[in-house]
Amino acid sequence: MSEANAYAALTKAFSGLGVDENLFISTLGKWNRHQREIYRVSTPGFFKEDERQFQRWDDHHILQLRQEFLRLKDAVVIYTMHPWERDGRLFKEALLLKVPQLNVLIETACTRSSEELLGARRAYHSLFDHSIEEDIAHRLQNPERKLLVALVSSHRYEGPRVNDDLAKSETKIFVNALKDAKKNLIEDDEIVRILSHRSKLHLKALYNHYKEMTGNYLDEDLNGELTLKQVVQCLCSPQSYFSNILIASLRLDVDESAKDSATRVIVTRADVDMKQIKEEFHSKYGTTLPAKIEEVANGSYKDFLLTIISKSD
């Protein structure tokens, strides 16, 4: 490999999701002091010239690189956890942040089966000596609190029967609520009741009836209500929702929270609906999920993700 190509390859290894450990060993490990200095001078995105005339790492990039070295470890740890513990810890970590990650709370509450969600609540009790419900009620001091508590407490019917007349009747509740500009939808008792208690098949029927009655998709009409929009997507079209999360996270110019989403989605859906997610991803974005991972991820982290998603082939 020429020196210029080696510099370009190393820069890519420093830039993606995860790190290319083998390249660091085979290339960087062999460079002498002069070659390392040339690399520092030629890579201003990583290094900057100090006023005392030496090239220093950019502090932000040092922190970012440390996080990338940990990315594989985090993926392996999450993947090997019991699903109840994994989801309990996802709930807790989302609540511990200065600004709680409502999207992770919603995703975990709405895309698990009733038994899986019950298991996560049991694990949360064991791990943290609190209930998820009380911690959400304590941490969230905003209109979303009532809805989130109801969603994590939910134990939905999961059989095949749907009362279509009832679904149509409850669709009209959404139609009328969205027409009322004064109504705060997220605190509306009927909206919260329907979203947190009805079966997912019932809600999918409601979603289809809404399209028939209004000509629009329900989640599209909820663009001004982002929390409710995500709840509807997770409950009614989870594969489309996960595809959206993956395309947004498998990029080089996103923040750490977005990058973490790729790990979370892939390891939590690997044994559930990864085949359907990959099909939806390909249909929506014209490229395959493995190809996108190959494009932006590095090293053992990339190999681990590709191995996980290949199980569904």
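Residues numbered from 1 in each chain as written. Predicted model: local features only at pLDDT ≥ 70, side-chain atom pairs only at ≥ 80, totals over all residues. Heavy atoms only, no water.

J.: Is there a simple way to explain the overall build of the protein in this structure?
T.: Helix and strand content of the protein: 19 helices and two strands. With respect to the three principal axes, the spread of C-alpha positions in the protein is 75 × 45 × 40 Å. The burial tally for the protein puts 47% of its 313 residues in the buried class. Contacts in the protein between residues at least 24 apart in sequence constitute 67% of all its contacts with a sequence separation of at least 6. Accessible surface for the protein amounts to roughly 16,100 Å². Of this, 51% is attributable to carbon and sulfur atoms. For the protein, the centre of its 44 positive side-chain charges and the centre of its 48 negative side-chain charges are spaced 0 Å apart. (Helix = DSSP H or I, 4+ residues; strand = E, 2+ residues; numbered from the N terminus. Buried < 20%, exposed > 50% of the residue type's maximum accessible area, 1.4 Å probe, protein only. Contact = heavy atoms within 4.5 Å. Areas by Shrake-Rupley, 256 points an atom, 1.4 Å probe, with all protein chains shown as cover. Lys, Arg positive; Asp, Glu negative; His and termini not counted. Charge placed at Lys NZ, Arg CZ, Asp CG, Glu CD.)

J.: Before we go on, may I ask you to explain the nonpolar core in this structure?
T.: Counting residues in each nonpolar core, the largest one holds 68 residues, and the members touching the most others are Phe91, Leu195 and Ile293. Among the domains, domain 1 (3–153) and domain 2 (164–311) are the pair contributing at least three residues each to this core. In this structure, Leu10, Ala13, Phe46 and Phe47 belong to the second largest nonpolar core, which totals 13 residues. (Core = buried A, V, L, I, M, F, W, Y, C linked by side-chain atoms within 4.5 Å. Domains from an automatic or database assignment.)

J.: Just checking my understanding: could you explain the environment of Ala248 for this structure?
T.: Looking at the element boundaries, Ala248 is found in helix H15 (residues 238–249). Judged by relative accessible area, which is 36%, Ala248 ranks as partly exposed. For the pair Ala248 and Tyr124, spaced 124 residues apart in sequence, the C-alpha separation works out to 29 Å.

J.: Is there a simple way to explain the packing of helix H4 (residues 59–80) against helix H16 (residues 256–269) in this structure?
T.: The relative placement of two packed helices comes down to the angle between their axes together with the axis-to-axis distance. The contact between H4 and H16 brings their axes to 10 Å, and the two run at 20°. The angle between H4 and H16 falls in the class roughly parallel. Of the two elements, H4 crosses H16, and the hand of that crossing is right-handed. For the pair H4 and H16, the contacting residues are Gln64, Gln67, Glu68, Arg71, Ala75, Ile78 and Tyr79 in the first and Glu256, Lys259, Asp260, Thr263 and Val267 in the second. Among the residues making up the contact of H4 with H16, the classes are represented as four nonpolar, three polar and five charged. (Axes fitted to C-alpha atoms, helices over the stretch in contact; angles between N-to-C directions. Parallel < 35°, antiparallel > 145°, perpendicular 65-115°, else oblique. Left-handed = near helix turned anticlockwise from the far one by under 90°. Nonpolar A, V, L, I, M, F, W, Y, C, P; charged D, E, K, R; others polar.)

J.: It is not clear to me how the packing of aromatic side chains should be interpreted in this structure. Could you clarify?
T.: How two aromatic rings sit relative to each other is given by the distance of their centres and the angle of their planes. Under the criterion given, the structure shown has 12 aromatic pairs. Ring geometry for Phe47 against Trp57: centres 4.4 Å apart, planes inclined by 40°, an arrangement best described as tilted. Of the two residues, Phe47 is situated in strand S1 (residues 47–49) and Trp57 in strand S2 (residues 55–57); the sequence distance between them amounts to 10 residues. A residue is classified by how much of its surface remains accessible, and Trp57, at 27% relative accessible area, is partly exposed. Joined through ring pairs, the aromatic side chains of Tyr7, Trp31, Tyr39, Phe46, Phe47 and Trp57 make up one cluster. Above the face of the Phe128 ring, Lys92 is positioned so that its terminal group lies 5.1 Å from the ring centre. Note that Lys211 overlies the ring of Tyr217, its terminal NZ or CZ placed 4.4 Å from the centroid. (Phe/Tyr/Trp six-rings, centres within 6.5 Å; stacked < 30°, edge-to-face > 60°. Lys NZ or Arg CZ within 6 Å of the ring centre and 35° of its normal.)

J.: Teacher, can you tell me more about the domain arrangement of the protein here?
T.: How big an interface is tends to be stated in terms of accessible area lost as the parts join. Under the domain assignment, the protein is made up of domain 1 (3–153) and domain 2 (164–311). A separation of 21 Å is found between the C-alpha centroids of domain 1 and domain 2. Contacts between the two partners involve 35 residues from domain 1 and, on the opposite side, 43 residues from domain 2. At the boundary of domain 1 with domain 2, the tally comes to five salt bridges. Ionic pairing is found between Asp260 and Arg71, a salt bridge with its closest N-O pair at 3.1 Å. For the pair domain 1 and domain 2, the interface holds 17 residue pairs in polar contact (both at pLDDT 80 or more). If you list the elements that add at least two residues to the side of domain 1 that touches domain 2, you get helix H1 (3–15), H4, helix H5 (83–96), helix H6 (102–110) and helix H9 (144–153). (Salt bridge = Lys/Arg side-chain N within 4 Å of Asp/Glu carboxyl O. Polar contact = N/O pair within 3.5 Å; in protein donor to acceptor, adjacent residues only side chain to side chain.)

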